[in-house]
2 protein chains.
Amino acid sequence: MSILPKSIADLIDSFSAMPGVGKKSAKRMAFYVLKAGRDEAVNMAKAIINVKDRIYHCSECHNIAENDPCNICRDPKRDRTQICVVEDAMDLLAIENTANYRGLYHVLGGVISPLNGIGPDNLNITDLLHRSEKGVKEVILALNSTRDGETTEMFLSKMLSTKGVKVTRLAHGLPVGTNLEFADETTLIRALEGRTNIL
Amino acid sequence: MSILPKSIADLIDSFSAMPGVGKKSAKRMAFYVLKAGRDEAVNMAKAIINVKDRIYHCSECHNIAENDPCNICRDPKRDRTQICVVEDAMDLLAIENTANYRGLYHVLGGVISPLNGIGPDNLNITDLLHRSEKGVKEVILALNSTRDGETTEMFLSKMLSTKGVKVTRLAHGLPVGTNLEFADETTLIRALEGRTNIL
């Protein structure tokens, strides 16, 4: 690609560092910027800098926010007796988009992962334990069902059990609308184990 | 998505305006920027602005370049008797990446498209005619085989025929390595029409 002007090549490199963006997509994106109006390019550049300058982590739940506490923590309509624990802000967003949960959140900032050198001290766990002492009745663990996620769930449920709060986790089972024959075995086993009464 | 901080939502909007970037990809990209170091984000923002500030069009071939004439036009090793006509800089790059063409290029900046209000005057055609008078022996039309591309080829070949240069176009036929049974009919017809002697 040495034929490309350096500034285009630099932008392609910069874009292709992002997840899910290959060299070809990055090239198409860079040419889009090249053809776009100057205002649009300036706005994109500003948006990138704004994200770095304006986004903080809520001091209560560690969610990303432009104010502290975040809009969820300061919302008087949220149920303060429930805390849903998630790995990161994107998982929080996924649950929030269901519009079905009205409690608070707690963003761990990852999961315990000995192989990657991430221990309990690297996560927002101490804060979670403090928060669970303040009138919380239920902590819902909504971590991803990876090995590290399940280790973290075990660790958290042990720590939280000493605080006298109910600890639950998201149900595993068949995704709604999918065909049973296409489900993987682990999911089917979990779906069988977690079977519920219908009558 | 109203739950997202405004600066993140703005960045997602900005990214998703680019071709091939959906809402989900844009979200993943915006969260990548959020997690990335400040330096990396600043570099990306600068790269965007640099593309707008430093890229010009070569006054000879209209290719994108950081200097004028561009590196191809000023390269003494290129064959100045051949000009390959392409729609845009990405098409030029595709041909250049084959490392099989040593002539010059001419970037039209699009194709004639009455439906989109693009006529010959909106393209770099006058320049091409001027250039073809200066010792050029062959003009290779390498436009995309859309209806507008073929209309433009017809138009250019008529204009160029008055200049006494040879006008050729890229061969149509079966892509190398593909199975004949999967070729579309138009491609097969072109491949038959363009059949070549092997003995």
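Bear in mind that the values here come from a model prediction, so they are computed numbers and not experimental data.

### Focus: helix H5 (residues 125-132) of chain A
Residues and elements named next belong to chain A.
Logical step 1: Buried within H5 we find Ile-125, Leu-128 and Ser-132. When H5 is viewed along its axis, its buried side chains cluster within an angular range of 55° and face the same direction. Seen from the open side of H5, the exposed residues pointing more than 90 degrees away from its buried face are Thr-126 and His-130.
Logical step 2: Looking at the buried positions of H5, the neighbouring elements they touch are strand S3 (79-86), strand S4 (103-107), strand S5 (138-141) and helix H6 (147-161).

### A short note on the environment of Asp-88 of chain B
Residues and elements named next belong to chain B.
Logical step 1: Topologically, Asp-88 is positioned in the loop between strand S3 (79-86) and helix H4 (89-96).
Logical step 2: Residue classification places Asp-88 among the partly exposed positions, given that 19 C-beta atoms sit within 10 Å.
Logical step 3: Separated by 55 residues in the primary sequence, Asp-88 and Leu-143 place their C-alpha atoms 9.2 Å from one another.
Logical step 4: Discounting chain neighbours no more than four positions away, the residues touching Asp-88 are Val-107 and Gly-109.

### Let's talk about the sheet that holds S5 of chain A
All names here are of chain A.
Logical step 1: Across the sheet, which stays open at both edges, the four strands sit in the order S4-S3-S5-S6 with parallel pairing between neighbours. Two strands lie at the open edges of the sheet, namely S4 and strand S6 (166-169), each paired on one side alone. For this sheet, the mean angle separating the axes of adjacent strands, direction not counted, is 25°.
Logical step 2: Bridge count between S3 and S5: four bridges; the pairing is parallel. From the neighbouring strand, Gln-82 faces S5, where its bridge partner is Glu-138.
Logical step 3: Relative to S3, helix H4 (residues 89-96) is tilted by about 125°, and along the sheet it contacts S3 and S4.
Logical step 4: Against the sheet, H5 engages S3, S4 and S5, with an angle of about 160° to S3.

### Side note on unusual backbone geometry
Logical step 1: The step from Asp-68 of chain A to Pro-69 of chain A runs through a cis peptide bond, and the omega angle for that step is -5°.
Logical step 2: Along the chain, Pro-69 of chain A turns up in the loop between strand S2 (64-65) and S3.

### Quick look at H4 of chain B
Residue and element names in this part refer to chain B.
Logical step 1: Regarding H4, the residues found buried are Ala-89, Leu-92 and Glu-96. Projected down its long axis, H4 shows its buried positions confined to an angular sector of 55°, all on one face.
Logical step 2: Its buried side turned inward, H4 meets strand S2 (64-65), S3 and strand S4 (103-107).

### Points about the domain arrangement of chain A
Logical step 1: Looking at chain A, the domain boundaries give domain 1 (6-54) and domain 2 (69-169).
Logical step 2: Each of domain 1 of chain A and domain 2 of chain A was reduced to a C-alpha centroid, and the two centroids are 34 Å apart.

### So, the interface of chain A and chain B
Logical step 1: Facing the 41 residues of chain A at the interface are 41 residues of chain B.
Logical step 2: Of all the secondary-structure elements, those providing two or more residues to the side of chain A that touches chain B are helix H1 (6-16), helix H2 (23-35), helix H3 (38-54), S2 and H4 of chain A.
Logical step 3: When the residues that make up the side of chain A that touches chain B are grouped by side-chain class, the tally is 27 nonpolar, six polar and eight charged.

### Details of the environment of Val-42 of chain B
Logical step 1: Residue placement: Val-42 of chain B occurs in helix H3 (residues 38-54).
Logical step 2: For Val-42 of chain B and Ile-118 of chain B, which are 76 residues apart along the polypeptide, the C-alpha to C-alpha distance reads 38 Å.

### Thoughts on the sheet that holds S3 of chain B
Consider a sheet: its strands pair through backbone hydrogen bonds, and that pairing is either parallel or antiparallel.
All names here are of chain B.
Logical step 1: Across the sheet, four strands lie side by side as S4-S3-S5-S6; this open sheet has parallel pairing. The outermost strands of the open sheet, each flanked by one partner alone, are S4 and strand S6 (166-169). Direction aside, the axes of adjacent strands within the sheet are offset by 25° on average.
Logical step 2: Sheet topology note: the strand S5 (residues 138-141)/S6 ladder contains four bridges and is parallel. Its bridge partner being in S6, Leu-141 is matched across the sheet by Arg-169.
Logical step 3: Relative to the sheet, helix H5 (residues 125-132) contacts S3, S4 and S5, its axis offset from that of S3 by approximately 160°.

### Brief notes about the nonpolar core
Logical step 1: Membership of the largest hydrophobic core comes to 90 residues, with the highest contact counts inside it found for Ala-30, Ile-48 and Val-85 of chain A together with Ile-48 and Val-85 of chain B.
Logical step 2: When neighbours within four sequence positions are excluded, Val-85 of chain B is seen to be in contact with His-106, Leu-108, Leu-128, Val-139, Ile-140, Leu-141, Ala-142 and Leu-156 of chain B.

### Details of the pairing of S3 of chain B
Logical step 1: Examined bridge by bridge, S3 of chain B and S4 of chain B share five bridges and lie parallel to one another. Among the inter-strand pairings, Val-86 of chain B is bridged to a residue of S4 of chain B, identified as Val-107 of chain B.

### A word on the relation of the copies chain A and chain B
Logical step 1: Once chain A has been moved 0.0 Å along the axis and rotated by 180°, it coincides with chain B to within an RMSD of 0.0 Å. Overall, the copies show the geometry of a two-fold rotation axis. Measuring from the rotation axis to each C-alpha of chain A, the shortest distance belongs to Ala-45 of chain A, at 2.1 Å.
Logical step 2: Of all interface residues in chain A, 100% are interface residues in chain B too; the two copies therefore contact each other through one and the same surface.

Rules and cut-offs
- Residues numbered from 1 in each chain as written.
- Chains lettered and ligands numbered in written order.
- Predicted model: local features only at pLDDT ≥ 70, side-chain atom pairs only at ≥ 80, totals over all residues.
- Buried ≥ 20, exposed ≤ 12 C-beta atoms within 10 Å, placed from the backbone.
- Helix = DSSP H or I, 4+ residues; strand = E, 2+ residues; numbered from the N terminus.
- Arc of directions from axis to C-beta.
- Contact = placed C-beta atoms within 7 Å.
- Pairing = 2+ DSSP bridges.
- Axes fitted to C-alpha atoms, helices over the stretch in contact; angles between N-to-C directions.
- Domains from an automatic or database assignment.
- Nonpolar A, V, L, I, M, F, W, Y, C, P; charged D, E, K, R; others polar.
- Core = buried A, V, L, I, M, F, W, Y, C linked by C-beta atoms within 7 Å.
- Least-squares fit on C-alpha atoms with pLDDT ≥ 70 in both.

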